[in-house]
Amino acid sequence: MVRLITHNLLACHAKGCTTNNFPLQFQDVSIELRETEFNADFIRGFLPRIEWAALVSAARQLGDTSLPAEQPEMVDDEFLQKLHHVLLEVRTPLSSHIIAETVVWRLRPGARGGRQIHVEEGAMVCPNCKHVFPISNGIPNMLLAEHEIG
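Residues numbered from 1 in each chain as written. Predicted model: local features only at pLDDT ≥ 70, side-chain atom pairs only at ≥ 80, totals over all residues. Heavy atoms only, no water.

So the rule is basically this: UniProt positions are given in the numbering used here, feature names are shortened, and annotations may be inferred rather than shown by experiment.
Under an unreviewed UniProt entry, the protein has the name Multifunctional methyltransferase subunit TRM112-like protein and belongs to Trametes cubensis. Looking at the Sequence similarities (unreviewed entry) heading of the UniProt record, one finds this comment for the protein: "Belongs to the TRM112 family."

In structure tokens, the structure reads:
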């Protein structure tokens, strides 16, 4: 499933695309909401691996403005809750400014806790070479054609 936690790890590796290939931009996405539980230890452990600017940018593409532009130095429970929200939950309504494209939301029941953002359909686009990585049934197709490998 494409969640912001996964999206934060993906970059374009098409032939000749070595700069400005991260983060990928969402386009025409359909998003499903799934229930989840808060796990402070998991979030705290993952925090050093996060590319902060890319995460904030992706969250704002999806209409969430709860994270500050700069990563705070103090990591308290309130901050971890906000980060968990952006990586795995949804609490605010979506604004429809995502690259002037379509966003569709569905709510699906699940386990106790908050709602996870799962991008079910759509695409991620490289900001440099404009290569499109389709997302189908929650799975991003990051494979490149033979002539695109370099």
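## Observations concerning the environment of Gly150
The condition that has to hold: Helical segments are the DSSP runs of H or I of at least four residues, strand segments are the runs of E of at least two, and each set is numbered from the N terminus.
Relative to the helices and strands, Gly150 is located in the segment after strand S5 (139-140). Between the C-alpha atoms of Gly150 and Gly16, which are 134 residues apart in sequence, the distance is 6.8 Å.

## Things to note about the pattern of salt bridges
Short version of the rule: Within this document, salt bridges are pairs made up of a side-chain nitrogen of Lys or Arg and a carboxyl oxygen of Asp or Glu, the two lying within 4 Å of each other. Each residue is placed in one exposure class: buried if its accessible area under a 1.4 Å probe, protein chains only, is under 20% of its type's maximum, exposed if it is over 50%, and partly exposed if it falls in between.
As enumerated under the stated definition, the model contains three salt bridges in all. The salt bridge partner of Asp41 is Arg44, with a shortest N-O separation of 3.3 Å. Of this pair, Asp41 and Arg44 are both found in helix H2 (residues 40-46), three residues apart, which corresponds to roughly one turn of the helix. The exposure class assigned to Arg44 is partly exposed, which follows from its relative accessible area of 38%. Among the ionic pairs, Asp77 bridges to Arg44, the shortest N-O distance being 4.0 Å. Residue Asp77 is found in helix H4 (residues 77-88), and its partner Arg44 is found in helix H2; the two are separated by 33 residues along the sequence. Using a relative accessible area of 51% as the deciding quantity, one classes Asp77 as exposed. What emerges from the salt-bridge pattern is a single network uniting Asp41, Arg44 and Asp77.

## Let's talk about the packing of aromatic side chains
As a reminder, the rule being used: Note on aromatic contacts: the rings of Phe and Tyr and the six-membered ring of Trp form a pair at centre separations within 6.5 Å, being stacked when their planes are under 30 degrees apart, edge-to-face when over 60 apart, and tilted otherwise.
Scanning the entire structure with this criterion turns up two aromatic pairs. Measuring from ring centre to ring centre gives 6.0 Å for Phe42 and Phe46, while their planes differ by 20 degrees; the resulting arrangement is stacked. Within this pair, Phe42 and its partner Phe46 are both found in helix H2, separated by four residues, close to a single helical turn. For Phe46, a relative accessible area of 10% gives the class buried.

## Some thoughts on the confidence of the model for the protein
Stated formally: By definition, pLDDT measures how confident the predictor is in each residue, and it falls between 0 and 100. In what follows, a contact means two residues having at least one pair of non-hydrogen atoms within 4.5 Å.
The predicted model of the protein has a mean per-residue pLDDT of 81, with 78% of residues at 70 or higher. The secondary-structure element of the protein with the lowest mean pLDDT is strand S2 (residues 103-107), recorded at 47, while H2 shows the highest, at 95. Ignoring residues within four places in sequence, the model shows residues 90-103, a span with pLDDT below 50, making 34 contacts including any to other chains. Note that pLDDT drops below 50 for residues 105-114; the model gives that stretch 29 contacts with residues more than four away or on any other chain.

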